[in-house]
Amino acid sequence: MSEIAIAENSGDLLDTALDAAGGLDRWRQHSFLSAHLVQGGGLWAMKGQAGVLDDVRVDVALHQEWASHHPFGAPELRSSFTPRRVEIRDGDGTAVEALDEPRPSFSAHAFDTPWTRLQLAYFVGTAMWTYLTQPFCFTLPGFRVEELPAQREDGKALQRLRVEWPEYLASHSPKQTLYFDDASRLARHDYQVEIIAGAPAAHLFDGFVSVDGITLPTRHRIHPRDAADRIDTSNVIVAIDIDDIAFGQP
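The residue numbers shown here count from 1 along each chain, following its written sequence. Two thresholds apply to this predicted model, a pLDDT of at least 70 for residue-level local features and 80 or more for giving and counting side-chain atom pairs, whereas whole-chain, interface and lining totals are computed over all residues. Processing note: side-chain calculations cover all non-hydrogen atoms of the structure and skip hydrogens and water entirely.

A. Expanded view of unusual backbone geometry. Residues His-70 and Pro-71 are joined by a peptide bond in cis, for which omega reads -5°. Here Pro-71 lies in the loop between β4 (67-70) and β5 (78-82). Residue Pro-135 follows Gln-134 across a cis peptide bond; omega there is 5°. In the Ramachandran plot, Glu-101 falls in the positive-phi region, its phi being about 45° despite a non-glycine side chain. Every helix listed is a DSSP run of H or I at least four residues long, and every strand listed is a run of E at least two residues long, numbered separately from the N terminus. Take Glu-101: it is sitting in the loop between β7 (95-100) and α4 (117-133). Each residue is placed in one exposure class: buried if its accessible area under a 1.4 Å probe, protein chains only, is under 20% of its type's maximum, exposed if it is over 50%, and partly exposed if it falls in between. The class for Glu-101 is partly exposed, based on a relative accessible area of 44%. Unusually for a residue other than glycine, Asp-229 sits at a positive phi of about 65°.

B. Main features of the pattern of salt bridges. Each salt bridge in this description consists of a side-chain nitrogen of Lys or Arg and a carboxyl oxygen of Asp or Glu lying within 4 Å of one another. One pass over the structure, following the stated rule, counts 13 salt bridges. Two residues, Glu-194 and Arg-103, come together in a salt bridge whose shortest N-O distance is 2.9 Å. Residue Glu-194 is located in the loop between β11 (186-193) and β12 (199-211), and its partner Arg-103 is located in the loop between β7 and α4; the two are separated by 91 residues in the primary sequence. Note that Asp-181 and Arg-185 form a salt bridge whose closest N and O atoms lie 3.4 Å from each other. The exposure class of Asp-181 is buried, given its relative accessible area of 18%.

C. How the structure looks around the nonpolar core. Only buried residues count toward a nonpolar core. Its members are Ala, Val, Leu, Ile, Met, Phe, Trp, Tyr and Cys residues joined through side-chain atoms within 4.5 Å. The biggest cluster of nonpolar side chains holds 67 residues, and the ones touching the most others in it are Leu-33, Phe-123 and Phe-138. When residues in this core are grouped by element, the largest group, 11 residues, is from α4. If we ignore the near neighbours within four places in the chain, the residues touching Phe-123 are Leu-43, Trp-44, Trp-115, His-172, Val-193, Ile-195 and Ile-196. The contact criterion used is simple: two residues touch if any of their non-hydrogen atoms lie within 4.5 Å.

D. A look at the environment of Thr-94. Secondary-structure assignment places Thr-94 in the loop between β6 (85-89) and β7. Other than its neighbours up to four places away in sequence, Thr-94 contacts Ile-88 and Arg-89.

E. Representation of the pairing of strand β14 (residues 238-247) in the model. Note that strand β2 (residues 32-40) and β14 share 7 bridges and pair antiparallel. Counted as the bridge partner of Leu-37 is Ile-242 from β14. Here 4 bridges tie strand β13 (residues 214-224) to β14, and the two strands are oriented antiparallel to one another. Within β14, the residue paired with Arg-219 across the bridge is Asp-241. The criterion for strand pairing is that DSSP finds at least two bridges linking the strands in question.

Written out as structure tokens, the structure is:
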């Protein structure tokens, strides 16, 4: 794997964003993060998974891509996600269902195609790992980042960073754009959800808290985005509210 490739004009913004989030040195002192999630939005029912993940805990590894949600549809079950394999495990850790190379299983999906619970585990695994580790994950090998011109929204200038994800990690799409407010905190995250027929989305962040010196957003709202990058805030695809955040072992 190659080291992170940073365009000549992008280092300042990424460095400032890392510092605003608590600093890379402090982040590297931690290995895992656990949090309580309350989730809503229209996606879950559309995919035939209403209620499965309304009130759960998530554990993520911070320096490699792994995530687990529990309970996962039943009190004794939990998911285990990596980019190349997803599992549903019972109380003693035995895999009761598993799928290797899960990404291609979405290839023929339309926007409203229902998911299996393994596909659900894959989606929420890659999504929450992305949301809970950025911008720090952009310093892992293989990422490419480039600063874009600032953009004004609601009278405010937002700094923008284009991020290209390496192939060995799973996320919504290879190319994503992040917006940072005047405090260098994440304000917005644009991407195409490839496994939902390439649907364009805008993810808005709020409710920042500091935990062990790391600053994280606790309010996540994901909305449709049109070809001109305008956000339909009347339509909530996914809503995530986070509390009880802790660093430590999963």
